[in-house]
Amino acid sequence: MKKLIDAVDDVVLDALRGMAAAHPSLRVDLEQRIIVRGDAPRTGKVGLVSGGGSGHEPLHGGFVGYGMLDAACPGEVFTSPVPDQILAATTAVSGGAGVVHIVKNYTGDVLNFQMAAELAEDEDVEVVPVVIDDDVAVQDSTYTAGRRGTGATVFAEKIAGALAESGGPLADVAAAAKEVNERSRSFGVALTACTVPAAGQPTFELGPDEIELGIGIHGEPGRERTKLRTASEIVDFSLSAINDDMSLDGAELLVMVNGMGGTPLMELYGAYAAAEKWLTGHGATVARRLVGNYVTSLDMAGSMISVCRLTPRLTELWDAPVETAGLRWGR
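So, here's what we can say about the structure. All of these numbers come straight from a predicted model, not from anything done at the bench.

**Things to note about the pairing of strand 4 (residues 71-77)**
Phase 1: Judged by how many residues are buried, strand 4 sits mostly within the fold: six of seven residues are covered.
Phase 2: In terms of strand pairing, strand 2 (residues 34-37) meets strand 4 through two bridges, oriented antiparallel. Along strand 4, the bridge assignment pairs Ile35 with Ala72.
Phase 3: Two strands pair when backbone bridges link them, and strand 3 (residues 47-54) and strand 4 are joined in this way by six bridges, in the parallel orientation. Paired with Ser54 across the bridge in strand 4 is Val77.

**Section: the sheet that holds strand 3**
Phase 1: The strand order across the open sheet built from six strands is 1-2-4-3-5-6, with neighbouring strands paired in mixed fashion. The sheet terminates laterally at strand 1 (26-29) and strand 6 (127-132), the two strands that pair on one side only. Neighbouring strand axes in the sheet, compared pairwise and without regard to direction, differ in orientation by 20° on average.
Phase 2: Sheet strands touched by helix 3 (residues 107-122): strand 3, strand 5 (99-104) and strand 6. Its angle to strand 5, the strand with the most contacts, is close to 165°.
Phase 3: Together, strand 2, strand 3, strand 5 and strand 6 form the strand contacts of helix 4 (residues 152-165), whose direction differs from that of strand 5 by roughly 170°.

**Here's the deal with the side chain of Lys158**
Phase 1: Along the chain, Lys158 turns up in helix 4.
Phase 2: Here Trp318 takes part through its backbone oxygen, which lies 3.1 Å from a polar atom of the side chain of Lys158.
Phase 3: At a separation of 3.1 Å, a polar atom in the side chain of Lys158 contacts the main-chain carbonyl oxygen of Ala320.
Phase 4: When near neighbours in sequence (up to four residues on either side) are disregarded, Lys158 contacts Gly67, Met68, Leu317, Trp318, Ala320, Pro321, Val322, Leu327 and Trp329.

**A closer look at the pairing of strand 11 (residues 285-292)**
It is a general feature of regular strands that their side chains alternate between the two faces of the sheet.
Phase 1: Inspection of the sheet shows strand 10 (residues 252-259) paired to strand 11 by seven bridges, in the parallel sense. Across the sheet, Leu253 pairs through a bridge with Val286, a residue of strand 11.
Phase 2: After leaving strand 10, the chain enters helix 7 (residues 265-281) and then returns to the sheet as strand 11, a path that is right-handed.

**With respect to the packing of aromatic side chains**
Aromatic ring pairs are defined here through the distance separating the ring centres and the angle between the ring planes.
Phase 1: Taken as a whole and judged by the stated rule, the model has three aromatic pairs.
Phase 2: Geometrically, the ring pair formed by Trp318 and Trp329 is tilted, given 5.4 Å between the ring centres and 55° between the ring planes. Pair noted here: Trp318 is in helix 8 (residues 312-319) and Trp329 is in strand 14 (residues 328-329), with a separation of 11 residues, a long-range link.
Phase 3: An aromatic cluster of three or more residues is present, and its members are Phe155, Trp318 and Trp329.

**Some remarks on the pattern of salt bridges**
Phase 1: Here the structure, examined in full by the defined rule, presents 19 salt bridges.
Phase 2: Asp299 is the partner of Lys3 in a salt bridge, and the nearest nitrogen-oxygen pair spans 3.3 Å. Separated by 296 residues along the polypeptide, Lys3 in the segment before helix 1 (11-22) and Asp299 in the loop between strand 11 and strand 12 (302-309) bring together distant segments of the chain.
Phase 3: Accessibility expressed as a relative area gives 26% for Lys3, which makes it partly exposed.
Phase 4: Linking Asp14 and Arg17 is a salt bridge whose minimum nitrogen-to-oxygen distance equals 2.7 Å. Residue Asp14 and its partner Arg17 are both found in helix 1; the two are separated by three residues, about one turn of the helix.
Phase 5: The exposure class of Asp14 is partly exposed, given its relative accessible area of 28%.
Phase 6: For Arg17, a relative accessible area of 42% gives the class partly exposed.
Phase 7: Each of Arg37, Asp39, Arg42, Lys45, Asp70 and Glu165 takes part in a single network of salt bridges with overlapping partners.

Rules of the game
Residues numbered from 1 in each chain as written. Predicted model: local features only at pLDDT ≥ 70, side-chain atom pairs only at ≥ 80, totals over all residues. Heavy atoms only, no water. Buried < 20%, exposed > 50% of the residue type's maximum accessible area, 1.4 Å probe, protein only. Helix = DSSP H or I, 4+ residues; strand = E, 2+ residues; numbered from the N terminus. Pairing = 2+ DSSP bridges. Axes fitted to C-alpha atoms, helices over the stretch in contact; angles between N-to-C directions. Contact = heavy atoms within 4.5 Å. Polar contact = N/O pair within 3.5 Å; in protein donor to acceptor, adjacent residues only side chain to side chain. Right-handed = clockwise from strand over helix to strand, strands pointing away. Phe/Tyr/Trp six-rings, centres within 6.5 Å; stacked < 30°, edge-to-face > 60°. Salt bridge = Lys/Arg side-chain N within 4 Å of Asp/Glu carboxyl O.

Okay, structure coming up:
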């Protein structure tokens, strides 16, 4: 294993130290292991909290800041944050207007965020959870009951974050995140496995000419293991799977071609070109797009395509200013 780390046990803590040094506008609590906006809590503003296992950077800590999350809770690598950690983040951003939890649909995340919400209610903080389950690849896989939460998490955090920033009430902010989830779908592909530092070896085995279609962000199995295909063939398979689940014909779309951590940007742009060609050929319009690493899986090579059927209101919220480590425009 070759990793740019000091000690396996300190990987997450060292990353948090680095984030605190690199982004002094954030408050990074090393003891609680939470990342909080420097101006939180803001009186009368709905707080937005998300989190999950580390290893998916910039998700979630990289999306804390103006127009997006108020706090994030990074767990150990591929491991849910614990309830006390989530509670600390929730109370840190509570400005009296309630807090929305954006939770990826993994069993540990769902249970721990639920426990934290109950603890927060005991402290008179109203919490509304929104569960993201946009992955169309499989139903019921490792880590989860039902569909996995993947790329649409970024869409929900950005759009709900914009509404919260503008003073939207708790019910409306939660409803916006739910609407985004309902209108979004994702499909991921792995070219190689990733290596969890504590394990020191790949999480699964792929032959030199094999790929996994429909992978989860922790390396969970997908729909099919097959021989290596061209970028256009992989994109065609991914978008066809999405289209089978949610018709894209006539839709105005937000499209994200997301790298899993180990794929060069050159290849992601090639995949995006194939994606836009496929979508326009199937009657869809790409109105907004992202290309890059937003929801990763450590050093996994591969990509994930996420789409959201936009409405004028969702487009307006997507375009609203944002300033975070991982996403910024308009300020």
